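Listed here are the chains, written in short residue letters.
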Amino acid sequence: MKLLFKKIVSYAIDYLLVAGLGGIYAFCANVFYLNPETQSQATLMLVCAFITVILLTCYIPTKCGGQTIGQKLMRLRVVNKSGKNRTYWQSFLRECLVKISFAPLFIPFSIVYYVIYLLIIQRNPNGELAHDLLLKTTVVAA
């Protein structure tokens, strides 16, 4: 249960960081779109938002030994099932696509999956969720 709590807190930190920075860029883009003379700056702000999301969800986890900023704070690390560092593609799928883009679907699905896993499949769960099984990754203590 301690590992599951750390996973939840690290996910919340990562989500708030990405959503906060993306929200700032999106707000600035909307302000720039109001004036026809500054619409090119608005497009630039959206490009910066995209680059920020990719950096936070793909580049940093891959280059920092399998840790996002939230996972680093919670002393967690995501590795392949073979124990090696994850690839850019795994980082993109796990952090950006599943956990950030599909967050409204990901969170309830993860809760339902974990409860079913806890009650039916295994009485002593290790906290492995569906997206880790699908992407062949696992979360370990750093």
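Residues numbered from 1 in each chain as written. Predicted model: local features only at pLDDT ≥ 70, side-chain atom pairs only at ≥ 80, totals over all residues. Heavy atoms only, no water.

Trainee: So what exactly am I meant to see when it comes to the overall build of the protein chain here?
Mentor: A tally of regular secondary structure across the protein chain gives six helices and two strands. Order of helices (α) and strands (β) in the protein chain, N terminus to C terminus: α-α-α-β-α-α-α-β. Expressed as lengths along the three principal axes of its C-alpha atoms, the size of the protein chain is roughly 60 × 30 × 25 Å. Taken over 142 residues, the protein chain has a buried fraction of 39%. Restricting to contacts in the protein chain with at least 6 residues of sequence separation, those with at least 24 account for 65%. For the protein chain, the exposed area adds up to about 8600 Å²; of that, 73% sits on carbon and sulfur atoms. Taken as two groups, the 14 positive and 5 negative side-chain charges of the protein chain have centres that lie 13 Å from each other. (Helix = DSSP H or I, 4+ residues; strand = E, 2+ residues; numbered from the N terminus. Buried < 20%, exposed > 50% of the residue type's maximum accessible area, 1.4 Å probe, protein only. Contact = heavy atoms within 4.5 Å. Areas by Shrake-Rupley, 256 points an atom, 1.4 Å probe, with all protein chains shown as cover. Lys, Arg positive; Asp, Glu negative; His and termini not counted. Charge placed at Lys NZ, Arg CZ, Asp CG, Glu CD.)

Trainee: I'm lost on the environment of Gln41 in this one. Help?
Mentor: Checked against the element boundaries, Gln41 lands in helix H2 (residues 39-63). Put simply, Gln41 and Val31 are ten residues apart on the chain and 9.8 Å apart in space, counted from C-alpha to C-alpha.

Trainee: How do you make sense of the packing of H2 against helix H4 (residues 88-101) when you look at a structure like this?
Mentor: Packed helix pairs are specified by the crossing angle of their axes together with the interaxial distance, meaning the distance between the axes. For the pair H2 and H4, the least separation of the axes is 8 Å and the interaxial angle reads 140°. One finds that H2 runs oblique with respect to H4. Where H2 crosses over H4, the handedness of that crossing is right-handed. Packed against H2, whose contacting residues are Val53, Ile54, Thr57, Cys58, Tyr59, Pro61, Thr62 and Lys63, the element H4 presents Tyr88, Ser91, Phe92, Glu95, Cys96 and Ile100 at the interface. By residue class, the composition of the contact of H2 with H4 is nine nonpolar, three polar and two charged. (Axes fitted to C-alpha atoms, helices over the stretch in contact; angles between N-to-C directions. Parallel < 35°, antiparallel > 145°, perpendicular 65-115°, else oblique. Left-handed = near helix turned anticlockwise from the far one by under 90°. Nonpolar A, V, L, I, M, F, W, Y, C, P; charged D, E, K, R; others polar.)

Trainee: Looking at this structure, how should I read helix H1 (residues 2-34)?
Mentor: An α-helical turn contains 3.6 residues, so any two residues separated by three or four positions project in the same direction. Relative to the 48 Å expected for 33 residues at 1.5 Å per residue, H1 spans 48 Å between its end C-alpha atoms, a close match to the ideal helical length. Those residues of H1 lying buried are Leu4, Lys7, Ser10, Tyr11, Asp14, Val18, Gly22 and Ala29. (Expected span 1.5 Å × (residues − 1).)

Trainee: Teacher, can you tell me more about the packing of aromatic side chains here?
Mentor: Aromatic rings in a pair are described by how distant their centres are and how their planes are angled relative to each other. Counted under the stated rule, the structure contains three aromatic pairs. Taking the centre distance of 6.0 Å and the plane angle of 35° together, the rings of Tyr11 and Tyr15 count as tilted. Highlighted residues: Tyr11 and Tyr15, both in helix H1, separated by four residues, approximately one helical turn. Accessibility expressed as a relative area gives 13% for Tyr11, which makes it buried. (Phe/Tyr/Trp six-rings, centres within 6.5 Å; stacked < 30°, edge-to-face > 60°.)

Trainee: Where do I start with the environment of Ile13 in this structure?
Mentor: Along the chain, Ile13 turns up in helix H1. Take Ile13: its relative accessible area is 25%, and that puts it in the partly exposed class. Taking the C-alpha atoms as reference points, Ile13 and His131, 118 residues apart in sequence, are found 18 Å from one another. Excluding its chain neighbours within four sequence positions, the residues that come into contact with Ile13 are Gly70 and Leu73.

Trainee: What is the right way to read unusual backbone geometry from this model?
Mentor: Backbone geometry places Arg75, a non-glycine residue, at a positive phi of 60°. As for its placement among the helices and strands, Arg75 is situated in the loop between helix H3 (69-73) and strand E1 (76-80). Residue Arg75 is classed as exposed on the basis of its relative accessible area of 58%.

On their own, these measurements won't tell you what the molecule is for.
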